[in-house]
Amino acid sequence: MTRSRPGPDQPADQPDAEGGPLAVDYRGLAERVPAILYRYRLLPHPKMEYINPAVTETLGYNPEDFYADPDLALAVLGVPKPAVAAEPDPGVSGRPIVRRWRRRDGTYADVEDRTIAIRDRQGNVVAIEGVARDVSAELAIRQELRASRERLDTVVSHVPVILWATDRAGRLTLLEGAGLSALGVRSEDVIGRTPEEVHPDTRRYRRHLALALHGRIQTVDVQLGEQTFATRLGPLVDANGTIVGVTGVSADVSPERRLAAALAREGRQRATVAAALDRFDSSLDLDALSRQIATEVLLLEGVDHAGIIAFGPGILTYFISFEGAGLPIEAGRAIPPARSVYLRENAAKGPWVERWVPRAADGRYGLSLEAAGLRATAYVPLRRGDTPLGLLAAGSRQTNGPALLERQMSTLVEFGALSVALIGPALSTRNLGEVVRQELVEIIEREAFSPVYQPIVALADRSPIAFEALTRFDDGSPPDRRFVEAESVGMGLRLEAATLAMALKSLRGIPAGTALTLNVSPALLLEGRLLKRLLEPVGRAIILEITEHRQIDDYEGVRRSLLDLPATVGLAIDDAGAGFASLRHVIELRPDYVKLDRSLVSGVDRDKGRRAVVAGMVQFARSAGCQLIAEGVEAEAEHEALFELGVEYGQGYLYAAPAPIGRVRD
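If you're wondering where the values come from, they're calculated on a predicted model, not measured in any experiment. Here the residue numbers are simple positions, counted from 1 along each chain's written sequence. In keeping with the model being predicted, local features are shown solely for residues with a pLDDT of at least 70 and side-chain atom pairs are shown and tallied solely at 80 or more, while totals for entire chains, interfaces and linings include all residues. Side-chain measures here rest on the full set of heavy atoms in the structure, leaving out hydrogens and waters.

Peer 1: How do you make sense of empty space enclosed by the protein when you look at a structure like this?
Peer 2: Rolled over the atoms, a probe sized like a water molecule indicates the empty space that remains. Grid points spaced at 1 Å and placed over the protein atoms alone form the basis of the search, with a cavity being a set where a 1.4 Å probe fits but cannot get out and a pocket an open set showing protein on both sides within 12 Å along at least five of seven lines. Lining residues have an atom within 4 Å of a point. Grid points are joined across faces, edges and corners, and a volume is the space filled by probe spheres set on the points. Evaluation of the coordinates by the stated rule reveals two cavities of 30 Å³ or more. Looking at the largest cavity, it is lined by 20 residues, and the ones nearest its centre are Phe319, Ile329, Thr377, Tyr379 and Ala393. Secondary structure follows DSSP: runs of H or I at least 4 residues long count as helices, runs of E at least 2 residues long count as strands, and numbering of each begins at the N terminus. For the lining of the largest cavity, the secondary structure elements donating two or more residues are strand S11 (305-311), strand S12 (317-323), helix H12 (337-347), helix H13 (363-371), strand S14 (376-384) and strand S15 (387-396). Counting residues per element, the lining of the largest cavity draws most heavily on S11, at four residues. Residues that form the lining of the largest cavity fall into these classes: 15 nonpolar, four polar and one charged. Three residue categories are used. Nonpolar comprises Ala, Val, Leu, Ile, Met, Phe, Trp, Tyr, Cys and Pro, charged comprises Asp, Glu, Lys and Arg, and polar comprises the others, including Gly.

Okay, here's the thing in structure tokens:
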């Protein structure tokens, strides 16, 4: 890399420090490569001349951070200080060197860095250019491989297994392991001989050796006299991928020992489940309980990863919990669609174990798990009645992972039953919530709703003084139900803001001199910013209605929010006389209007009790400095009675039904 993108203070059409024209044809390539490309100027003034965007993914810093702070490269990348400019060998020869670079969050990345020195005619180092790539994952894998090898060495030296290998001619090239004592032979006595020469019974397994030489991996029980060896054999390949022989591992699994081991395992597994049940805290929420279940499953022999998978709406599938390091899986992140469909289809068939082999449909997801060391997975469906909720999942990084997980399957099934009992109800509720949330997201994104308007009129001459905007959903869903659903899944403010924005779009259709009335929740008022952003550009009279049915815990906060809105915004208390708050909203908030609930208005012309209450409300409104709006006026007699009692305004089907703004005006 001898040409660079200009830094923030170097025009794109100027030559670089060495006088050559900029190779602008390479700039796009440099911007896209995953490796970090950089050029750091030492003389005459230290600064980062170029670093490509790949640095952001690796370190969290943006290129602009390095351009703005020349010392950042010294602190983060460890580039040479200006003092090395006159040194004959500044240590930048182009050879790869693994360095530790500090990320923005304070952690470190292991980076393979290749740097070269750029010299002037006097031989001074005036700049360095480098190519670096993050090898943190590679080093972690190497470390895990070393640890795996150490564990394997421990197994070989202590566990009664036999590791063996032959060349293509069938001669033994390796025979070792603590299990050799079961055969009564010594390795040094049989190397170079064929298995048949060591034990005649092996001749019956010639076919398996031949299949292994053709690339087949097999698991077979090898019977030698009265002993049975479970044997895994397959091709032995060299560094070029050429099959040069057969390799295998054999373990003595004679019936008596197998039975004893099975009984011991069953006892341990039942004790494990019983102990786990005692440790579970049923008071925890769904996420915490899911993590606790996964942690308990992780204690099982051969299980390196465990988690709870939830089935959401559609094909949405995701981990609620995931325990065990080393795999690129995070709780809450959706599983790719193809894998989700596969899991759902197999869940209908019951528990299963599979060797992890990446499927083409899984794409990068399957390959990444294989590269991270996953060897086998086990799944137990979680169901409540006929309803599938998800899966209990377990993974193994062991080479014999399928067999290990098969032995744990009965325990995993018991953990699955416990999971349904502990988290089944909460998981059902969450899955239903996900369905509701997805419906609401689609409604908002498609704007599958529209406003209708109902006039508020002066009772004296029935002329409109305002129009109340009401929301109607395209699918016919009752508005009250939709807003309650949105609130229950944490989308109340989002849906409310979307419907208000839609209502404001028709503001031009509202006759001049009249106000637009909008229903708002106390939560939206307290949040403040959304409502202010919607109303500031309007420039027309707006009346905000708060229903008396909604509790307000922070009147002072509501008052502050109202003061922060434009002066053209007024306040009305809706449903007065029907809610639990009685007249406290009116006393605390001093609204411009109070809307009488229709339960007081209906039949007011013939009911003395209602007339008395309305008359009292008229006196109360006058003393409080607000005006009354009667809701639900449907009969001429009601209109006349309200007018005689001193009510100023009315709203109801007597005057107009809610309709699109054009029809209301007509």
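Peer 1: I would appreciate a short explanation of the side chain of Ser321 in the present structure.
Peer 2: Turning to its location among the elements, Ser321 is positioned in strand S12. Any residue under 20% of the maximum accessible area for its type is buried, any over 50% is exposed, and the rest in between are partly exposed; the area is computed with a 1.4 Å probe on protein chains only. Ser321 gets classed as buried once you look at its relative accessible area, which sits at 0%. Whenever a nitrogen or oxygen atom comes within 3.5 Å of another N or O atom, the pair is scored as a polar contact, on the condition that within protein one atom can donate a hydrogen and the other can accept it, and that pairs from neighbouring residues in sequence are kept only if both atoms are in side chains. At a separation of 3.0 Å, a polar atom in the side chain of Ser321 contacts the main-chain carbonyl oxygen of Ser290. Two residues form a contact once any of their heavy atoms are found within 4.5 Å. Beyond its immediate sequence surroundings of up to four residues, Ser321 is in contact with Ser290, Arg291, Ala294, Ala306, Gly307, Ile308 and Ala331.

Peer 1: Would you mind going over helix H11 (residues 286-297) with me for this structure?
Peer 2: Structural remark: α-helix, 3.6 residues per turn; residues separated by three or four positions point the same way. Here a helix's expected span is defined as the number of its residues, less one, multiplied by 1.5 Å. In this model H11 runs 17 Å from its N-terminal to its C-terminal C-alpha over twelve residues, within 8% of the 16 Å that 1.5 Å per residue would give. Across the twelve residues of H11, nine count as buried, placing the element largely inside the fold. When we look at burial in H11, the residues that qualify are Leu286, Ala288, Leu289, Ser290, Gln292, Ile293, Ala294, Glu296 and Val297.

Peer 1: Explain the side chain of Glu468 here, please?
Peer 2: Residue position: Glu468 is located in strand S17 (residues 464-473). At a separation of 2.9 Å, a polar atom in the side chain of Glu468 contacts the side chain of Asn519. Here the side chain of Glu468 touches Lys595 through a polar contact of 3.0 Å, side chain to side chain. Leave out the neighbours within four places in its chain, and Glu468 touches Val452, Tyr453, Gln454, Thr517, Asn519, Glu545, Lys595 and Gln651.

Peer 1: Would you mind showing me how to read the confidence of the model for the protein chain here?
Peer 2: Detailed conclusions should not be drawn from predicted coordinates in areas where pLDDT is low. When the pLDDT values of the protein chain are averaged, the result is 84; 87% of them are 70 or greater. Ranking the helices and strands of the protein chain by mean pLDDT puts strand S23 (residues 649-651) first, with 96, and helix H10 (residues 255-279) last, with 64. Each residue carries a pLDDT score, the predictor's confidence in it, ranging from 0 to 100. Below pLDDT 50 for its whole length, residues 1-23 participates in 42 contacts with residues either more than four positions away or in separate chains.

Peer 1: I keep staring at the pattern of salt bridges and nothing clicks. Help me out?
Peer 2: Two side chains carrying opposite charge are able to pair once their charged atoms lie near each other. Should a side-chain nitrogen of Lys or Arg be within 4 Å of a carboxyl oxygen of Asp or Glu, the pair is scored as a salt bridge. One pass over the full model with this rule turns up 35 salt bridges. In this structure, the salt-bridge partner of Glu129 is Arg39, at a minimum N-O distance of 2.3 Å. Of this pair, Glu129 sits in strand S5 (residues 125-134) while Arg39 sits in strand S1 (residues 36-41), placing them 90 residues apart in sequence. Exposure class is identical for Glu129 and Arg39. Each is buried. The partner of Arg204 in a salt bridge is Asp201, with the nearest N and O atoms 3.4 Å apart. Taking relative accessible area as the criterion, Arg204 reaches 49% and is therefore assigned partly exposed. By relative accessible area, Asp201 is classed as partly exposed at 21%.

Peer 1: Got a minute to help me understand the nonpolar core in this structure?
Peer 2: The nonpolar side chains of soluble globular proteins are, as a tendency, buried together. In these notes, a set of buried Ala, Val, Leu, Ile, Met, Phe, Trp, Tyr and Cys residues joined through side-chain atoms within 4.5 Å is what counts as a nonpolar core. With 51 residues, the main nonpolar core has Leu518 and Leu544 as its most contacted residues. Top element by residues in this core is helix H23 (residues 608-624). It accounts for five residues. Residue contacts for Leu544: discarding those within four places in its chain leaves Leu518, Val520, Leu525, Leu531, Leu535, Leu562, Leu565, Val569, Gly570, Leu571 and Ala572. Formed by 29 residues, the second largest nonpolar core is a distinct cluster that contains Ile293, Val303, Tyr318 and Val353.

Peer 1: Sorry if this is basic, but what is going on with the packing of aromatic side chains here?
Peer 2: Here a ring pair, both rings aromatic, is described through the centre-centre distance and the interplanar angle of the planes. Any Phe, Tyr or Trp ring, taking Trp's six-membered ring, that has another such ring centre within 6.5 Å forms a pair; planes under 30 degrees apart are called stacked, those over 60 apart edge-to-face, and the others tilted. The tally for this structure, following the rule as stated, stands at seven aromatic pairs. A ring pair is formed by Phe449 and Phe473, whose centres lie 6.2 Å apart and whose planes are at 65°; its orientation type is edge-to-face. Here the residue Phe449 occupies a position in strand S16 (residues 449-458), and Phe473 occupies one in strand S17, the gap between them amounting to 24 residues. With centroids separated by 6.0 Å and ring planes inclined at 65°, the aromatic side chains of Phe473 and Phe483 adopt a geometry described as edge-to-face. Of the two residues, Phe473 sits in strand S17 while Phe483 sits in helix H16 (residues 479-488), which places them ten residues apart along the sequence. Phe483 gets classed as partly exposed once you look at its relative accessible area, which sits at 26%. In this structure an aromatic cluster arises from ring pairing among Phe449, Phe473 and Phe483.

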